[in-house]
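Residue-level structural notes
Here is what each chain is made of, one letter per residue.
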Amino acid sequence: SQQGEEDPQALSIQEGENATMNCSYKTSINNLQWYRQNSGRGLVHLILIRSNEREKHSGRLRVTLDTSKKSSSLLITASRAADTASYFCATTEYGNKLVFGAGTILRVKS
Amino acid sequence: EAGVTQFPSHSVIEKGQTVTLRCDPISGHDNLYWYRRVMGKEIKFLLHFVKESKQDESGMPNNRFLAERTGGTYSTLKVQPAELEDSGVYFCASSQPGLGSYEQYFGPGTRLTVT
C-alpha cells in the first residue's frame, strides 16, 4: 500500500514565522488530507484537497498538490504557539481508509 | 455534538493478558475505523465497519485481535493474548454515511502498554 512521507520530521520556528511541511505519496489518489494531533489528543481534520485541485486555502492554512510529483505541501502562515502539534498527511484508499505519513512535529516558540 | 470517545485512555497490562478497548462514534456515523500507532512508526489502518458489518479488516495484524460492533453503535477491540509489540496508541475514528464522506473524526486514542 502507498505511504505518505513527511518532510521535515521535525520543525522548530518562532511565533509569527511561516511553517512549511511536505508530503510525498506513491500511488494515484482521489484526494489528500492533512490532520493535526496535539499532544495526548486525537487527530483533527484540517483540510482536504482533491486530485483535480492544485491549491486550497483555509484560514492560515494553504495546501498545494502536485500530482505529477506525487507531493503536497502544507503552509501555516503567521504561526502561533497553539500551532505546536504533529501534522500528518493522509491519502484515501478503498473504503475511505486513510494511509498516513510519518508526520512532522512542529514546535512554535513564543 | 459529542465527539468520538474512547475508553480507557490508558491501559497497562502484562504480556499474555487480555485487554478490551471501546470506541463510541459520533451518533449517526455509520463508518467506524480503528487505527493504531506503534512507537515511532506511522499510524496504520486496522479495520473498517459500516454499521455492524466489517467492510475491511485487512489491517488487522493477526488473530489475537478481534473487533466487534454489535448493533452498529459502539465498537470494541479485544487483544488476546497481548504481546509486547502490541504496545502503542489505538485510535478510533468515525465518518458519515456515503462514499463521498472523506473526513474522519478521531477519538483521543487509548494508549496500550504491554509489559
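For the structure itself, consult the block above.
Everything numeric in this text was worked out from a predicted model, so none of it was measured.

Residues and elements named next belong to chain B. Pairing within the open sheet is antiparallel, and its four strands lie in the order S1-S3-S8-S7. Two strands lie at the open edges of the sheet, namely strand S1 (5–7) and strand S7 (65–68), each paired on one side alone. Across this sheet, the average inter-strand angle for adjacent strands is 15°, counted without regard to direction. Where S1 lies against strand S3 (residues 19–24), three bridges are found, and the strand directions are antiparallel. In the strand pairing of S3, Thr5 is matched with Asp24.

Before going further, it helps to examine the interface of chain B and chain A. With 21 residues of chain B at the contact, the number on the chain A side is 22 residues. Where chain B abuts chain A, roughly 1,800 Å² becomes buried across the two surfaces, and 52% of that area is made up of carbon and sulfur atoms. Where chain B packs against chain A, one counts one salt bridge. With its nearest N and O atoms 3.3 Å apart, the salt bridge here joins Asp56 of chain B to Lys97 of chain A. Linking chain B to chain A there are six residue pairs in polar contact (both at pLDDT 80 or more). Breaking the side of chain B that touches chain A down by element, the ones donating at least two residues are strand S4 (31–37), strand S5 (43–50) and strand S6 (53–56) of chain B.

As a further point, take the pairing of strand S11 (residues 104–109) of chain A. Residues and elements named next belong to chain A. Alternating residues of S11 divide into Thr104, Leu106 and Val108, all buried, and Ile105, Arg107 and Lys109, none buried. Bridge count between strand S2 (residues 10–14) and S11: five bridges; the pairing is parallel. By the bridge assignment for S11, Ser12 is matched with Arg107. Inspection of the sheet shows strand S9 (residues 85–92) paired to S11 by three bridges, in the antiparallel sense. By the bridge assignment, Ser86 is partnered in S11 with Ile105.

Quick notes on the rules
- Residues numbered from 1 in each chain as written.
- Chains lettered and ligands numbered in written order.
- Predicted model: local features only at pLDDT ≥ 70, side-chain atom pairs only at ≥ 80, totals over all residues.
- Heavy atoms only, no water.
- Pairing = 2+ DSSP bridges.
- Helix = DSSP H or I, 4+ residues; strand = E, 2+ residues; numbered from the N terminus.
- Axes fitted to C-alpha atoms, helices over the stretch in contact; angles between N-to-C directions.
- Contact = heavy atoms within 4.5 Å.
- Buried area = accessible area lost by both parts, 1.4 Å probe.
- Salt bridge = Lys/Arg side-chain N within 4 Å of Asp/Glu carboxyl O.
- Polar contact = N/O pair within 3.5 Å; in protein donor to acceptor, adjacent residues only side chain to side chain.
- Buried < 20%, exposed > 50% of the residue type's maximum accessible area, 1.4 Å probe, protein only.

Purely spatial values, then, with no claim about function.
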